[in-house]
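# Observations on chain architecture
One letter stands for each residue in the lines below.
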Amino acid sequence: LAPEAHAAARQDAGSNAAQAGTRIVAVVNGTVITNQDVAARARLFALSAGMHPTPDILRRLRPQITRELIDQTLQLQAIKQHKVVVSEKQLEQALSRIDQQNNLPQGGLKQKLEAAGVPYTTLVNQFRIQIGWSDVLKKTLGSNLRPNKEDVAAEKRALRREIGQTQYRIAEIFIPVEKPQDEASAQSFAHTVIKQLRAGAPFPLIAAQFSQSQSALSGGNRGWVAPDLLDPAVRSVVQRMPPGAIPDAGRVPRGFEIVQLPGKRQ
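The notes below deal with the structure included here. The structure presented is a predicted model; accordingly, all values stated were derived computationally and were not measured. (Residues numbered from 1 in each chain as written. Predicted model: local features only at pLDDT ≥ 70, side-chain atom pairs only at ≥ 80, totals over all residues. Heavy atoms only, no water.)

### With respect to the overall build of the chain
Spelled out, the test is: Only DSSP runs of H or I reaching four residues or more are called helices, and only runs of E reaching two or more are called strands; each is numbered from the N terminus. The atom set for the radius of gyration is the C-alpha atoms, and the globule formula is 2.2 Å times the number of residues raised to the power 0.38. The cut-offs for exposure are 20% and 50% of the maximum accessible area for each residue type, with area from a 1.4 Å probe on protein chains only; residues under the lower value are buried, those over the upper are exposed, and the others partly exposed. Note on contacts: a residue pair qualifies if any of its non-hydrogen atoms lie within 4.5 Å across the two residues. Note on areas: these come from Shrake-Rupley sampling with a 1.4 Å probe, and a residue is covered only by the protein chains present in the view. Under the counting rule used here, the positive set is Lys and Arg, the negative set is Asp and Glu, and His together with the chain ends is not counted. For charged residues, the charge sits on one atom: NZ in Lys, CZ in Arg, CG in Asp, CD in Glu.
A count of helical and extended segments in the chain gives nine helices and seven strands. Against the 2.2 N^0.38 benchmark of 18 Å for 266 residues, the chain shows a C-alpha radius of gyration of 19 Å, consistent with a compact globule. Based on the C-alpha atoms only, the size of the chain along its principal axes is roughly 65 × 40 × 40 Å. Taking all 266 residues of the chain together, 45% fall into the buried category. The long-range fraction of contacts in the chain, counting pairs at least 24 apart against all pairs at least 6 apart in sequence, stands at 70%. When the accessible area of the chain is evaluated, it comes to approximately 14,100 Å², of which 51% is carbon and sulfur surface. Both charge centroids of the chain, one from 34 positive and one from 23 negative side chains, sit 2 Å from each other.

As structure tokens, then:
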């Protein structure tokens, strides 16, 4: 159900807009994405990662962030089409979790963003889309999401096989590659993210903003995972890495995955 992000978008559709200084960078089924939208998201990333949003940094972030905005615009259109409504309570809970995961007081993230000149609505709208898109998937898949007796029995057998084995607590950031020509910019973006994470940027906040997996809503946290549930490229790294380390991004189906290992247990 992943949206066909670039089939419906026209990159660099024009250079004139209603406001002076605003330029159209994409049109997605009639919805305009401007350079100001891209710059706001780039500043949000730079602030979260502890980077100074210089023109050069914003330029390097632009390709990946533009693609992300196109994907999210398509998701928002699907949310409206399916008449999914995201409540204020859902938004408050999601944003509160990010405050807690980053050791900030309630509303601390809002104050931090506004002090840096980044509109808080940039983050709020992103969470609205993430939550709404998750509801669209549930609504579309319907009964396929409900486990049957055979599913439960298979899960029990799998759990018995895991007794005595090592489990890994995984946090992830997934960066998609929609088309072969996107791979270089996605990999470059992954390197930028890893560099900032290693310099101390908060993993949950970066994951919440830029990961394109459902775990983004919980700051990238997948919880305790058995080795056979991990992609082979990720599993081989996780089994060797010490807790807390940030390895290079692994190439997995459909994109790159950045992982952190908060802990492991038997």
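### Things to note about helix α5 (residues 120-141)
An α-helix turns once per 3.6 residues; consequently, residues spaced three or four apart project the same way. Basically, it comes down to this: What a helix should span is 1.5 Å times the count of its residues minus one.
Here α5 spans 32 Å end to end across 22 residues, near enough to the 32 Å set by a 1.5 Å rise per residue. One or two residues past the end of α5 sits Gly 142, with phi positive at roughly 55°.

### Here we look at the pattern of salt bridges
Which entries qualify depends on this criterion: For salt bridges, the criterion is a side-chain nitrogen of Lys or Arg within 4 Å of an Asp or Glu carboxyl oxygen.
Taken as a whole and judged by the stated rule, the model has six salt bridges. Across the pair Glu 172 and Arg 222 runs a salt bridge whose closest N-O atoms are separated by 3.7 Å. You can see Glu 172 sitting in strand β4 (residues 167-176) and its partner Arg 222 sitting in strand β5 (residues 221-225), a full 50 residues away along the chain. Glu 172 gets classed as buried once you look at its relative accessible area, which sits at 9%. A salt bridge links Asp 248 to Arg 198; its shortest N-O distance comes to 3.0 Å. In this pair, Asp 248 is assigned in the loop between α9 (232-238) and β6 (250-252) and Arg 198 in helix α7 (residues 183-198), connecting sequence segments 50 residues apart.

### Quick look at the side chain of Glu 68
With respect to the helices and strands, Glu 68 occurs in helix α2 (residues 55-81). Filtering out sequence-adjacent residues up to four positions away, Glu 68 remains in contact with Arg 41, Gln 126, Gln 209, Phe 210 and Gln 212.

### Quick word on the environment of Val 252
Following the sequence through the fold, Val 252 ends up in strand β6. C-alpha separation for the pair Val 252 and Asp 231, spaced 21 residues apart in sequence, amounts to 7.0 Å. Those residues in contact with Val 252 that sit more than four places away from it in its chain are Phe 174, Asp 231, Val 234 and Glu 257.

### Digging into a positive patch on the surface
What counts is decided by this rule: Only residues whose relative accessible area exceeds 30% and that take part in no salt bridge are eligible for patches, with like-charged residues grouped when within 9 Å of each other and nonpolar side chains (Val, Leu, Ile, Met, Phe, Trp, Tyr) grouped when within 5 Å.
A contiguous patch of positive charge on the surface is contributed by Lys 156, Arg 157, Arg 160 and Arg 161. Among the secondary structure elements, Arg 160 is positioned in helix α6 (residues 149-162).

### Here's the deal with the packing of helix α1 (residues 35-48) against helix α8 (residues 203-210)
To be explicit about the condition: A fitted line through C-alpha atoms represents every axis, and for helices the fit uses only the stretch in contact; the resulting angles, taken between N-to-C directions, go from 0 to 180 degrees. Roughly parallel means an angle under 35 degrees; roughly antiparallel, over 145; roughly perpendicular, 65 to 115; everything else is oblique. The sense of a crossing depends on the near helix, which, turned anticlockwise from the far helix by less than a right angle, makes the crossing left-handed and, turned clockwise, makes it right-handed.
Contact pair α1 / α8: the axes reach a minimum separation of 10 Å and the direction vectors enclose 165°. Taken together, the axis directions place α1 and α8 in an arrangement best described as roughly antiparallel. Considering the relative orientation of α1 and α8, their crossing is left-handed. From α1, Arg 41, Leu 44, Phe 45 and Ser 48 reach across to α8, where they touch Leu 205, Ile 206, Gln 209 and Phe 210.

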